[in-house]
Amino acid sequence: MDQQYDVIILGTGLTECILSGLLSVEGKKVLQIDRNEYYGSSTASLHLNQLYSKFKGDAAPEALGKDRDYNVDLIPKFAMASGEFVNILYHTDVTRYLEFKQIAGSYVYTNGQISKVPTSTTEAALSPLLSLLEKPRAKAFFEFIQNYDFTNPSTHDGLDLNTATMREVYAKFGLESGTQDFIGHALALELNDEYIDKPARATYEKICLYVNSLAMYGKSPYIYPVYGLGELPQGFARLSAIHGGTYMLNKPVDEVLYENGKFVGIKSEGETVKANLVIGDASYFQDKVKKVGQVVRVICILNHPIPDTGDADSVQIVIPQNQIGRAHDIYIASVSSSHNVTPSGHHIAIVSTLVTNPTTDAESEVAAGLALLGPIVEKFVHVDDLYEPLSSGADDQVFISKSYDATSHFETTCADVKDLYKRITGVELKVEGKVAKLKDEE
C-alpha cells in the first residue's frame, strides 16, 4: 500500500462517498478506507445478524426470518423528491445504480392523534388538522406563499421575508398555534421553534421544497432507495471505482501522519500511504472536532404497520415539540418489505430526536414516538454524539464532515458536501445537468 494519492478518504459514510465519487470523476487519485467490514459507516444498512451483533452482541433469533431479508438503516432519512440530494444523484448519474420507491404517506401528530398531511385541496378540506374557521386563513397563507416573488414587491403583502420573522407572517394571517405547528414542523420540517423569530425566508424555502417535492409524485414528498440507505454510499463508491478510485474495507487506521502541521499520510497495519489531503468523518479525528449535541435513535422491528396510518407500507410521522412539551421534535420513519428491507409481514420503524437531557434514560426521550408504534417485536437503542470540525481544514489539509443530524432528509448532508467541496477545491459545486457520460464497467 506504499503509494502516493491525491486524496485519502477515511470512512464510507454517504458524505465521504459522494466526495469520493465527485473527486474521482474530476481525475483525482482517491483511496478510501473504512475500519468497518461494510460500506456506509454510520449511514450503512445492516443485515439482521449484523444488527444484533452491533447492538446486542449475539445472533438474531430465527423466528424473525432470514438474515439477508433485512437491510436496516442505522440512521433514518428520506430524500426529498425535488431536493438537492436528488440533484446530486442526477448530476453524477448514480441514479442508474439505484431504484427508488415513494414513501406512502406523511403524517403529523397533533391534538393527541396522528393525521395525514394533506396532499390535495380535497384532503385539506376534510383534514382534522384545521378547524372550519381556520381553513380559509390557512388557504390565504398558502396562496401568499405560492404567489410570493422576492423580485416583485406587489406580491409581498407588506412582508419582506428577508427581514420579517415567521412569527410576523403567522400573525398576519391569524394562524392558530396548532396550524403553526403543522406548517413549521410537518412541512418546513424545522427541528424546534427557534425558527419562529428568525427571518422567514429560510422557512419559506423549506415549505416550497416540501410542496414541490410533493408535486413530483403526489402521495408524499419523500423517496427511498430499494434495499435501504446503505445503497446510496455504495452507488457513489461504484462511481468512484469506475474512475479509478480504490476501496479498502475492514482496514484500521493506526496513525494519521503530519509534517510541519500538515497532513501527509496514514499508517495502517505496518504500511504507509501518502496523499495531499485527507477527508474523513469525526470518528477518525477526535482531536479536531467539537461535540455539538446528541441524537437518540431507536430502531424497532414490528410485525404490523403503524396504527392509524391506513396500513401504509411506509410513512414519516412528525411529532412537533409543542404537542408533547419537549424542546425538539420527534421523528418516526417506517419502511417495510415493499422496499426490500424486511421479510414480508415485518416493518422497520426508527424513532429519533435530539437529546434534551443527557442524564435521562435514552428511551424516555422518544417515549411519545414509541407509544404510537403498537406492539414492538424488538428494539435497538443507540445514542450518537454529534460533531462538527474545529477548523476549515485549510491549514492542515484535514477536511472533516459533520455528523448526521436529526433532520429527516438529506438536505443538511448536501449542504455539508457542498461546503466541504468548496473548502477542498476552492470552487462551488454546481449540480446543473449530468457530469460527462461515464463508461460502464466491462
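Reading guide: rules and limits
Residues numbered from 1 in each chain as written. Predicted model: local features only at pLDDT ≥ 70, side-chain atom pairs only at ≥ 80, totals over all residues. Heavy atoms only, no water. UniProt positions renumbered as here; feature names shortened; annotations may be inferred. Helix = DSSP H or I, 4+ residues; strand = E, 2+ residues; numbered from the N terminus. Rg over C-alpha atoms; globule rule 2.2 N^0.38 Å. Buried < 20%, exposed > 50% of the residue type's maximum accessible area, 1.4 Å probe, protein only. Areas by Shrake-Rupley, 256 points an atom, 1.4 Å probe, with all protein chains shown as cover. Domains from an automatic or database assignment. Pairing = 2+ DSSP bridges. Axes fitted to C-alpha atoms, helices over the stretch in contact; angles between N-to-C directions. 1 Å grid on protein atoms, 1.4 Å probe; cavity = no way out; pocket = protein on both sides within 12 Å on 5 of 7 lines; lining within 4 Å. Points joined across faces, edges and corners; volume = space filled by probe spheres on them. Nonpolar A, V, L, I, M, F, W, Y, C, P; charged D, E, K, R; others polar. Phe/Tyr/Trp six-rings, centres within 6.5 Å; stacked < 30°, edge-to-face > 60°. Lys NZ or Arg CZ within 6 Å of the ring centre and 35° of its normal. Parallel < 35°, antiparallel > 145°, perpendicular 65-115°, else oblique. Contact = heavy atoms within 4.5 Å. Salt bridge = Lys/Arg side-chain N within 4 Å of Asp/Glu carboxyl O.

The protein is annotated in an unreviewed UniProt entry as Rab GDP dissociation inhibitor from Rhizoclosmatium globosum. Reading the Sequence similarities (unreviewed entry) entry of the UniProt record for the protein gives the comment "Belongs to the Rab GDI family."

Asker: Please explain the overall build of the protein as it appears in this structure.
Answerer: The secondary structure content of the protein amounts to 13 helices and 19 strands. For the protein, whose C-alpha radius of gyration is 22 Å, the value lies close to the compact-globule estimate of 22 Å for 442 residues. For the protein, the C-alpha atoms occupy an extent of roughly 70 × 60 × 50 Å along the three principal directions. Taking all 442 residues of the protein together, 54% fall into the buried category. Accessible surface for the protein amounts to roughly 18700 Å². Of this, 48% is attributable to carbon and sulfur atoms.

Asker: Honestly, the domain arrangement of the protein in this entry has me stumped. Any pointers?
Answerer: Domains assigned within the protein are domain 1 (4-44 + 230-289 + 388-441), domain 2 (62-103 + 291-386) and domain 3 (118-217). Placing a centre on the C-alpha atoms of domain 1 and another on those of domain 3 gives a separation of 37 Å.

Asker: What's the story with the sheet that holds strand β18 (residues 378-389) in this structure? I'm lost.
Answerer: On the basis of which strands lie adjacent, the open sheet formed by 7 strands has the order β8-β7-β15-β16-β17-β14-β18 and mixed pairing. Each edge of the open sheet carries a strand with a single partner, namely β8 (113-116) and β18. Ignoring which end each strand starts from, the neighbouring axes of this sheet average 20 degrees apart.

Asker: I keep staring at empty space enclosed by the protein and nothing clicks. Help me out?
Answerer: By rolling a water-sized probe across the atoms, one finds the places where empty space is left. Evaluated as defined, the whole model comprises 2 cavities of 30 Å³ or more. For the lining of the largest cavity, the secondary structure elements donating two or more residues are β4 (72-73), β16 (330-336) and β17 (347-354). Tallying contributions element by element places β16 first for the lining of the largest cavity, with 3 residues. Of the residues assigned to the lining of the largest cavity, the class counts are 9 nonpolar, 2 polar and 1 charged. Considering only enclosed or pocket space, the second largest cavity measures out at about 30 Å³ in volume. What lines the second largest cavity is simply L14, T43, I75, L229, L232, P233 and F410.

Asker: Any chance you could explain the packing of aromatic side chains here in plain terms?
Answerer: Two descriptors summarise a pair of aromatic rings, namely the distance from one centre to the other and the angle between the planes of the rings. Under the defined criterion, the tally for this structure stands at 15 aromatic pairs. Relative to F142, the ring of F141 lies with its centre 5.2 Å away and its plane at 75 degrees, an arrangement referred to as edge-to-face. Note on F141: relative accessible area 0%, which makes it buried. Note on F142: relative accessible area 27%, which makes it partly exposed. Taken together, the aromatic side chains of F141, F142, F144, Y148, F150, Y170, F173 and Y204 make up a single cluster linked through ring pairs. A cation sits over an aromatic face here: R35 above Y284, 3.8 Å from the ring centre.

Asker: Looking at this model, I keep getting lost on the packing of helix α3 (residues 84-92) against helix α13 (residues 411-425). Mind explaining?
Answerer: Between two packed helices, what matters for the description is the angle formed by their axes and the separation of those axes. The geometry of α3 relative to α13 is characterised by a closest axis approach of 8 Å and an angle of 55 degrees between their N-to-C directions. Here α13 runs oblique to α3, going by the angle between their axes. The segment α3 lies against α13, with E84, F85 and I88 engaging E411, C414 and K418. Residue composition of the contact of α3 with α13, grouped by class: 3 nonpolar, no polar and 3 charged.

Asker: Sorry, what's going on with the pattern of salt bridges here?
Answerer: Close approach of charged atoms allows side chains of opposite charge to pair. On inspection of all chains with the given rule, the structure shows 20 salt bridges. Between K418 and E84 there is a salt bridge, and its shortest N-O distance comes to 2.6 Å. One end of the pair, K418, is in helix α13; the other, E84, is in helix α3, with 334 residues separating them in the sequence. According to the relative accessible area criterion, K418 is partly exposed, its value standing at 26%.

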